[in-house]
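Residues per chain are reported as follows:
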Amino acid sequence: MDYLLEAKEVVKRYGNYTALDHVSLAVPKGCIFGLLGPNGAGKTTFIRIINQITAPDEGSVFIKGERLSREHIYDVGYLPEERGLYRNMKVGEQALYLAQLKGLSRAEATKRLHGWFAKFGIDSWWNRKVSELSKGMQQKIQFVVTVLHKPGLLIFDEPFSGFDPINAQLLKDEILELKKQGATIIFSTHNMASVEEICDEIALINKSKKILDGKVEDIRRNFSDNIYEVALYSDPERMAALASQVDILEENPCDVPGLFTLKVKMNAGAGHGNPMLETLMRYGEVKDFSEKLPSMNDIFIQTVKQAENEK
Amino acid sequence: MKNNTWVVLQREYTTRVKKKGFFIMTILGPILLVALMFAPALLMQMGGSSKTYALVDETGLYATAFEKAENLFEPVKDTAEAKAGMRDEKYAGALWIPASGLDSNRQGMVFFYRETDPSMSTLEEIESLAENKLRMVLMQQESDLDPALFSYINEASVSVISQDVETGERSYTEIKSIIAYVVGFLIYGFVFIFGSQIMSGVIEEKSNRIIEVMISSVKPFQLLMGKVLGLALVGLTQLLLWGVLTLVLTMAVGLIGGSGSMEAAQMAATSSAMPGMGASVPMTEVQSTMLEIQSIIESLHLKTLLLYFLAYFLGGYLLYASLFAAIGAAVEDQEDTNQFMWPITIPLIFGILVVATVLKDPNGPLAFWTSIIPFTSPIVMMARIPFGVPAWELVLSLGLLVLGFIGTTWLAARIYRVGILMYGKKGSYKELWRWIRYKG
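Below or above, wherever it landed, is the structure these notes cover. Treat the numbers as computed from the prediction; the structure is a model and nothing was measured.

### A closer look at the overall build of chain A
Now for step 1: Across its full length, chain A carries ten helices and 14 strands.
Now for step 2: What you see for chain A is a C-alpha radius of gyration of 25 Å, clearly larger than the 19 Å of a compact globule of 311 residues, by over 25%.
Now for step 3: On the principal axes, the C-alpha backbone points of chain A span a range of 75 × 45 × 30 Å.
Now for step 4: A separation threshold of at least 6 residues defines the contact pool for chain A, and within that pool the share at least 24 residues apart is 69%.
Now for step 5: Carbon and sulfur atoms form 48% of the exposed surface of chain A, whose accessible area is close to 14500 Å².
Now for step 6: Counting 39 positive and 43 negative side-chain charges, chain A places the averaged centre of each group 8 Å from the other.

In structure tokens, the structure reads:
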């Protein structure tokens, strides 16, 4: 597997407080990697370590197989959760400044900025002061500045916070576009719906420790309770017989006579789709059959609570 | 990576130099300076507004005494007339010389004023003219000395000049004292003005929350250095512009005002006469003042003085600048800075206070120690340099200053790198100590 970023047994302490406790992560190249966890779990500390804002006390971090070094900052774009701009600087100047700090030449940065600004329809802001812009406008500029130097690794910390739905959609599309172009994206958020939508893999950090990681699909399957949503043509008698074979968690009567929509679960332990489907077929005609996977939100809450209880 | 310090430096420099405030300061500074140099001279040349006073001389001795006075003294009959004249605004004041006192060498006089007090110089002038007259009168009464001989004796005076025994150079102590103060205040002012600018810049970055974006591209130390050096350049630019503008303005005012005002200015600056100039060489007044100015400049060793000024200016600034940045990093807004400001304020103010002592005794123990210790040396040593300082003291002082600013920068950088990312935590000295000890 080709990993863009690997963290091995990373430990970070602040005085007596341990912010990261032997955290290991591997982010495959070209994926969108969700970094999840409750407030104060250590996500921001981890991100700061990748950005070399702070150094780990133990463990090591590799980008493209090389140990993290100062050169890598040019290949990382970071949009922090706490983000701002110099209020008294003009938009263009400000963006140029931040781009130059990421190693772009003035000429190249100017060219690229005009490209991005035109795309977002904000080129007319070039000579306006940042303080004259609305928060949403400022965030667009921050986004552009983050991606301008075409880094191989992009880190977005709560990117959608403060965005209105239209701009949030725009941002999401841009993130997916960047992925298509080959960027690897680390995405830290509380917003579980957006995780399901755009993340390929996730890691869940709680109280300085990684408690879960993997592909989003695999995780949801692993957390599956084998609950299926079913639409079945049947009759009350056969339905009663079915109830002795499986757990019927929910039964919603339908307007169509003889059609039952159900949420069912095998009562005898684990069961895959096929045995369930075979059972159902014996009691009626299956019109619709789908597995009800748990949402990332449920998994998040369940895992964090479980971790709390273990203590 | 060094590049990034440069990028930060450029921004700090250009944004500040482009500001209106910088422009205004740059223009106003030299104008004020030149105005201070020329105003007294120009005012003197204009002759000021001479006033008319009433003179009630009951002794009948002083009528001719005030002929040479700057103000006009008009004899009147009695105080009643004088007071009436004052009420009619005919007289700005009145001098009453009562008849009593003629029998001794003490003469009391009363100066009546209305609304505005008489100036110190008016009273001094009256006293000195009247004293001369009184002495003359007494001399004539009590002896048979020739009045011409008496006035020769009466005008006898002594002046002391100091001269270097090796080079024969004259020392202009008054001018050196003025320079000592001006330079001391310049360094003090620049440290405070530019230090505070750094501090508020750091607070701005922290409260704007741009700092996290910044330090994902720049190491905190590079950011700090970019700021400190950028502002040092702003300061040097300002000084350079002041120097050039002052020179241009001085020349312009000199030309416009004609040679008369130049002379007046020079005479106002130095009222003492040239040493070692025999009467055998006849000179115009202009020539002699030019020569005098030349010798003053020579005696000050202007080039060396300028060089030391730059060294101490930069050293002093660098010593304190990063500390200002550290304070900015330790707080959340400007109001919280007070508790951390005193370690900076006290040594600087102390330095300025010590300058007065230094001028009395440039080589005393207080002058020595405060000009060696880095926190006061930029101000105190600069005050001592015009009077001559042994080379080893200068080397020691400058060496310690360099060590001092490396030390404070190191300390400040450790506070800074932690402080800029701390929110919601109020800095205290204990907290700062913990930050200094954080590793990595």
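From this point, the discussion proceeds with the structure in view.
### What to know about the interface of chain A and chain B
Now for step 1: Every contact between the two is made by 26 residues of chain A and, on the other side, 23 residues of chain B.
Now for step 2: Both sides together, the interface formed by chain A and chain B hides about 2500 Å², and carbon and sulfur atoms give 57% of it.
Now for step 3: Contact with chain B buries surface across chain A, with R70, Y86 and L101 of chain A losing the most and accounting together for 26% of the total.
Now for step 4: Between chain A and chain B we count one salt bridge in total.
Now for step 5: Ionic pairing is found between R48 of chain A and E212 of chain B, a salt bridge with its closest N-O pair at 2.9 Å.
Now for step 6: Mapped onto the side of chain A that touches chain B, the elements with two or more residues apiece are α1 (43-50) and α2 (91-101) of chain A.

### What about the pairing of strand β8 (residues 184-189) of chain A?
Residues and elements named next belong to chain A.
Now for step 1: Buried residues dominate β8, accounting for six of its six residues.
Now for step 2: On β8, burial covers both faces: T184, I186 and S188 on one face and I185, F187 and T189 on the other are all buried.
Now for step 3: Pairing between strand β3 (residues 32-36) and β8: five bridges, direction parallel. What sits directly across from L35, in β8, is S188.
Now for step 4: Taken together, the five bridges between strand β7 (residues 153-157) and β8 define a ladder with parallel strand orientation. Residue pairing across strands places L153 opposite T184, the latter belonging to β8.
Now for step 5: Taken together, β7, helix α5 (residues 165-180) and β8 form a β-α-β motif whose crossover is right-handed.

### Quick look at the environment of G77 of chain A
All names here are of chain A.
Now for step 1: Note that G77 resides in strand β6 (residues 76-79).
Now for step 2: The exposure class of G77 is buried, given its relative accessible area of 0%.
Now for step 3: As for G77 and D213, which are separated by 136 residues in sequence, their C-alpha atoms are 23 Å apart.
Now for step 4: If we ignore the near neighbours within four places in the chain, the residues touching G77 are T146, H149, P151, L153, L154 and I155.

### Here we look at the sheet that holds strand β10 (residues 209-215) of chain A
Whether parallel or antiparallel, the strands of a sheet pair through hydrogen bonds between backbone atoms.
All names here are of chain A.
Now for step 1: An order of β6-β7-β8-β3-β9-β10 is seen for the six strands of this open sheet, with the pairing classed as mixed. Of all the strands in the sheet, the pair left with one neighbour each is β6 and β10. Taken pair by pair, the neighbouring strands of this sheet meet at an average axis angle of 15°, ignoring direction.

### Here we look at helix α10 (residues 296-310) of chain A
Side chains that are three or four residues apart share a direction in an α-helix, a result of its 3.6 residues per turn.
Residue and element names in this part refer to chain A.
Now for step 1: Under the 1.5 Å per step criterion, the end-to-end length of α10 is 21 Å for 15 residues, consistent within 8% with the ideal 21 Å.
Now for step 2: Of the positions making up α10, those classed as buried are M296, I299, F300, T303, V304 and A307. For α10, the angular spread of the buried residues around the axis is 120°, confining them to a single face. In α10, the exposed residues that point more than 90 degrees away from the buried face are K305 and N309.
Now for step 3: Where α10 is buried, its residues touch β3, α6 (192-198), β9 (201-206), β10 and α7 (216-222).

### Some points on the sheet that holds strand β14 (residues 285-291) of chain A
Residue and element names in this part refer to chain A.
Now for step 1: One open sheet accounts for four strands, arranged β12-β13-β11-β14; its pairing is antiparallel. Edge positions in the sheet fall to β12 (246-253) and β14, since each of these pairs with one other strand and no more. Here the strands of the sheet are splayed against their neighbours by 25° on average, with no regard to which way each runs.
Now for step 2: Note that strand β11 (residues 227-233) and β14 share six bridges and pair antiparallel. Of the residues in β14, the one forming a bridge with V230 is F289.

### Digging into the pairing of strand β2 (residues 17-28) of chain A
All names here are of chain A.
Now for step 1: As judged from the eight bridges shared by strand β1 (residues 3-14) and β2, these two strands associate in the antiparallel manner. From the neighbouring strand, E6 faces β2, where its bridge partner is A26.
Now for step 2: Linking β1 to β2, which pair antiparallel, is a turn of two residues; within it G15 sits at a positive phi near 60°.

### Details of the packing of aromatic side chains
Residue and element names in this part refer to chain B.
Now for step 1: For the structure shown, the criterion picks out 25 aromatic pairs over all chains.
Now for step 2: For the ring pair Y181 and F185, a centre distance of 6.3 Å and an interplane angle of 25° mean the geometry is stacked. One end of the pair is Y181 and the other is F185, both in helix α6 (residues 173-208) and four residues apart, which spans about a single turn.
Now for step 3: Since its relative accessible area comes to 31%, Y181 is described here as partly exposed.

### Describing the pattern of salt bridges
Now for step 1: If you walk through the whole model with that rule in mind, you get 26 salt bridges over all chains.
Now for step 2: We note a salt bridge from K119 of chain A to E174 of chain A, for which the minimum N-O separation is 3.2 Å. Placement of the pair is K119 of chain A in helix α3 (residues 106-120) and E174 of chain A in helix α5, with a sequence separation of 55 residues.
Now for step 3: Residue classification places K119 of chain A among the partly exposed residues on the basis of a relative accessible area of 48%.
Now for step 4: In this structure E174 of chain A comes out as buried when scored by relative accessible area, which is 8%.
Now for step 5: Put simply, E12 of chain B and K227 of chain B hold a salt bridge, and the shortest N to O gap is 3.0 Å. Of this pair, E12 of chain B sits in helix α1 (residues 2-17) while K227 of chain B sits in helix α8 (residues 220-269), and the two are 215 residues apart along the sequence.

### What about helix α11 (residues 338-360) of chain B?
Residue and element names in this part refer to chain B.
Now for step 1: Taking 1.5 Å per residue, 23 residues should reach 33 Å; α11 reaches 34 Å between its end C-alpha atoms and fits that length.
Now for step 2: At I344, α11 shows its maximal bend, which comes to roughly 35°, and the proline P347 appears one to four places after that position.
Now for step 3: Along α11, the residues that are buried comprise F340, M341, I344, P347, L348, G351, I352, V354, V355 and V358.

### Some details on a nonpolar patch on the surface
All names here are of chain B.
Now for step 1: Among the surface-exposed residues, F23, I24, I27, L28, I31 and L32 lie close enough to one another that they form a single nonpolar patch of about 560 Å² accessible area.
Now for step 2: You can see L32 is positioned in helix α2 (residues 20-46).
Now for step 3: A relative accessible area of 54% places L32 in the exposed class.

Definitions and cut-offs
- Residue positions are counted from 1 within each chain, in the order its sequence is given.
- All chains are assigned letters beginning with A, and all ligands numbers beginning with 1, in the order in which they are written.
- Local features in a predicted model are, by the rule used here, given only for residues with pLDDT of at least 70; side-chain atom pairs are given and counted only at 80 or more, and totals for whole chains, interfaces and linings are based on all residues.
- Note that water and hydrogens are dropped before the side-chain values are worked out from all heavy atoms of the structure.
- Numbering of helices and strands starts at the N terminus; helices are DSSP runs of H or I of at least 4 residues and strands are runs of E of at least 2.
- In this treatment the radius of gyration is a C-alpha quantity, and the globule benchmark scales as 2.2 Å times the residue count to the 0.38 power.
- Contact definition: two residues touch when any of their heavy atoms are within 4.5 Å.
- The accessible surface values rely on the Shrake-Rupley method and a 1.4 Å probe; as for residues, cover is taken only from the protein chains in view.
- This count recognises Lys and Arg as positive and Asp and Glu as negative, with His and chain-terminal groups excluded.
- In this description, the location of a charge corresponds to atom NZ of lysine, CZ of arginine, CG of aspartate or CD of glutamate.
- In short, buried area is how much 1.4 Å probe accessible area vanishes from two parts on joining, totalled over both.
- The term salt bridge refers to a side-chain nitrogen of Lys or Arg lying within 4 Å of a carboxyl oxygen of Asp or Glu.
- Each residue gets one of three labels from its accessible area relative to the maximum for its type: buried under 20%, exposed over 50%, partly exposed in between, using a 1.4 Å probe on protein chains only.
- Each pair of strands is called paired provided DSSP finds at least two bridges between the two strands.
- Convention used here: a crossover is right-handed provided that the path from the first strand, over the helix, to the second strand proceeds clockwise when the strands point away from the viewer.
- An axis is simply a line fitted to the C-alpha atoms; with a helix, the fit covers only the stretch in contact. Between two such axes, the angle follows the N-to-C directions and lies from 0 to 180 degrees.
- A helix's residues, less one, multiplied by 1.5 Å, set its expected span.
- An arc is given here, and it is the one of the directions from the helix axis to the C-beta atoms.
- Two rings belonging to Phe, Tyr or Trp (six-membered ring only in the last case) form a pair when the distance between their centres is within 6.5 Å. Interplanar angles under 30 degrees mark stacking, angles over 60 mark edge-to-face geometry, and anything in between is tilted.
- The seven residues ending at a residue and the seven starting there each receive a fitted axis; the angle between those axes is the bend at that residue.
- Residues with no salt bridge and a relative accessible area higher than 30% make up the patches, which join like charges within 9 Å and nonpolar side chains (Val, Leu, Ile, Met, Phe, Trp, Tyr) within 5 Å.

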